[in-house]
Amino acid sequence: MNPQAFIASLSYDIRLAPYDVQGSIAHARMLAKCRIIPSRDAKRIIKGLEAILSGLGRGKRLPQEEDIHFAIERELIRRIGPVGGKLHTARSRNDQIALDLKLYLRDQIELITREIIRLQKAIVFIAEKNMDVVMPGFTHMQHAQPILFAHHILAYAWMLERDKGRFADAWKRADEMPLGSAALAGTSFPIDRTYVAKLLGFSRVTPNSIDTVSDRDFLVEFISAAALVMTHLSRLAEELILWSSSEFNMIRLQNEFTSGSSIMPQKRNPDVAEIIRGESGRIYGNLIALLTILKGLPLSYNRDLQEDKPPFFDTVDTLQGCLAVAGPMIATMVVRADRMRALCDRGFLAATELADYLTEKGIPFRTAHGVVKRIVAYCEGQRIRLDELTLEELRRFDTHFDSGALRVLSVDQVVHVKDSFGGTSPRRVREQLARLKKLIR
Ligand code: ARG
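On a predicted model such as this, the values are computed, not experimentally measured, just so you know.

Thoughts on the nonpolar core
Core analysis: the biggest nonpolar cluster contains 114 residues, and F149, F167 and F312 have the highest contact counts within it. Among the elements that line this core, the one with the most residues is helix α10 (residues 217–243), at 16 residues. With residues up to four places along the chain from it excluded, the contact list for F167 reads I109, I112, I116, F222, A225, A226, V229 and L319. Membership of the second largest hydrophobic core comes to 24 residues, among which are A355, Y378, C379 and L386.

Considering the pairing of strand β1 (residues 134–139)
In terms of strand pairing, β1 meets strand β2 (residues 142–148) through six bridges, oriented antiparallel. Within the sheet, the bridge partner assigned to G137 lies in β2 and is Q145. Taking the residues between adjacent antiparallel strands as the criterion, β1 and β2 are bridged by two residues, where H140 takes a positive phi near 55°.

With respect to the site of the ligand
Taken together, the neighbourhood of the ligand is formed by S9, D67, H69, R93, N94, I97, Y301, R303, Q306 and K309. For the ligand, whose unbound accessible area comes to 340 Å², protein coverage reaches 88%. Looking at the shell around the ligand element by element, the count peaks at three residues for helix α6 (residues 93–129). Looking at the shell around the ligand, its residues break down into two nonpolar, four polar and four charged.

Details of helix α13 (residues 337–344)
For the α-helix, the turn length of 3.6 residues means that residues three or four positions removed from each other point alike. Among all positions in α13, only M340, L343 and C344 are buried. Projected onto a plane normal to the axis of α13, the buried residues spread over an arc of 110° and lie on a single side. Contacts made by the buried residues of α13 are with β1, β2, α7 (149–173), β5 (251–252), β6 (334–335) and α18 (411–416).

Considerations on the packing of α7 against α10
Running from N to C, α7 and α10 point in directions that differ by 165°, and their axes come no closer than 8 Å. Relative to α10, the element α7 lies roughly antiparallel. Judged by the sense of rotation from one axis to the other, the crossing of α7 with α10 is left-handed. Between α7 and α10, the contacting residues are F149, H152, I153, Y156, M159, L160, D163, R166, F167, A170 and R173 on the first element and E221, F222, A225, A226, L228, V229, H232, R235, L236, E239 and W243 on the second. Across the contact of α7 with α10, the residue classes tally to 14 nonpolar, two polar and six charged.

Some words on unusual backbone geometry
Following L299, the chain continues into S300 via a peptide bond in cis, with omega recorded as -5°. With respect to the helices and strands, S300 occurs in the loop between α11 (271–294) and α12 (309–331). The backbone of A182 sits at a positive phi, close to 55°, despite the residue not being glycine. Structurally, the position occupied by A182 is in the loop between β3 (176–177) and α8 (193–200).

Digging into the pattern of salt bridges
Enumeration over the complete set of coordinates arrives at 32 salt bridges. Linking R40 and D41 is a salt bridge whose minimum nitrogen-to-oxygen distance equals 3.7 Å. For R40, a relative accessible area of 60% gives the class exposed. The salt bridge involving E66 is made with R303; its shortest N-O contact spans 2.7 Å.

Description of the packing of helix α4 (residues 39–57) against helix α5 (residues 68–80)
Packed helices, taken two at a time, are described by the angle between their axes plus the distance between the axes. Contact geometry of α4 with α5 gives a least axis separation of 9 Å together with a crossing angle of 115°. In terms of orientation, α4 and α5 fall into the roughly perpendicular class. Taken as a pair, α4 and α5 cross one another with a handedness that is right-handed. Between α4, through R44, I45, G48, L49, A51 and I52, and α5, the contact on the second element is made entirely by I72, E75, L76, R79 and I80.

Quick word on α8
Among all positions of α8, only R193, V196, A197 and L200 are buried. Taken around the axis of α8, the buried residues stretch over an arc of 100°, which confines them to a single face. Away from its buried face, by an angle of more than 90 degrees, α8 presents the exposed residues T194 and K198. Next to the buried residues of α8 lie α3 (17–33), α6, β3 and β4 (204–205). Just beyond α8, the residue with positive phi is G201, at close to 80°.

Cut-offs applied
Residues numbered from 1 in each chain as written. Predicted model: local features only at pLDDT ≥ 70, side-chain atom pairs only at ≥ 80, totals over all residues. Heavy atoms only, no water. Core = buried A, V, L, I, M, F, W, Y, C linked by side-chain atoms within 4.5 Å. Buried < 20%, exposed > 50% of the residue type's maximum accessible area, 1.4 Å probe, protein only. Helix = DSSP H or I, 4+ residues; strand = E, 2+ residues; numbered from the N terminus. Contact = heavy atoms within 4.5 Å. Pairing = 2+ DSSP bridges. Near = heavy atom within 4 Å. Areas by Shrake-Rupley, 256 points an atom, 1.4 Å probe, with all protein chains shown as cover. Nonpolar A, V, L, I, M, F, W, Y, C, P; charged D, E, K, R; others polar. Arc of directions from axis to C-beta. Axes fitted to C-alpha atoms, helices over the stretch in contact; angles between N-to-C directions. Parallel < 35°, antiparallel > 145°, perpendicular 65-115°, else oblique. Left-handed = near helix turned anticlockwise from the far one by under 90°. Salt bridge = Lys/Arg side-chain N within 4 Å of Asp/Glu carboxyl O.

Next up, the structure:
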């Protein structure tokens, strides 16, 4: 392989072109303002850069160069002549790439945050549409207690709420303008970094030029926030996969989110959810890849840093794709309320209620727990549900039971009384729904 082709990055850093141009325009304006280059030269440079940008918008190609910085500079000189060569005064590709990445990162965080909100809205929509649907809640993948379906699905909206916070945090730390650090040591030209920061919408400038050209923490933070979103999406995907299986049969995904088998004509496989679940693996890989590139790397700039882009860009693309496809999949799924309720009849979901009932009568909870455990064993032997027990049968296990005990056993009642803040009672779930809606307006 040709070594020059081997080190080239234009094939992937081309997506930074608009940001490279934007940064160069700000830099040229600063050079003129500080009288480092004549104003008329800066004007020609800026006009040339703007022409390059609109050319790119119309699909014009850049010259084949090593990377996006060289490609744009060469194209500028081709268009406006040797004066274009003045643009790179008091600048290095090392601070330039740090700037491009930060500008791009900020845009992506905005886009991704919008996608997250869209997904949250889809979750809120399906929760609200199925407000009265009761399903078995699980711990250890075993039936535990009945819950509202809305309560369960809204859990994901809260995870995503935290995810937005992590991206917002990453944004804040990336809000430092790197340009002016030059290769690593700063520059002898009388530049005005704060002016460039203002032009580009940064609230401050980086304080150490060596750190600036070595730092990729902002990408690590972004990818780790993304990895956690993928964790959340893969858990959601996993539940959709389980719930849509014939064993659970609690939901049905619309056909466009499933695909058939090439051999078994009856199959509708949840491929979209499976791809989301699978892609999370690659995003974790991207995080490890970047951390490993940075580990032990001496200061300041080393070409290894160019390898930050493939994992970063792949993370951006993958995350956007997963977020965009998950929303419509959730919003359009069919929630099988009857089936979910029927499943609540299995697994003695009201057992805790019965123990609580005795506890209210003054029995220590631990003793009550033992009593109900024996009652459940009895029901299993008789092949009956808890709510099929008679009062006489209950009183055989503990004489504190009275007619009120039978009333606590209905599924709706069990859900209704979980009225602690954040609990599954309809009132509490409506409360969190209202809170969420305010957050994602
Ligand atoms: N393409 C390089 C990167 O992505 C830009 C900086 C190159 N700097 C250098 N000294 N070779 O990191």
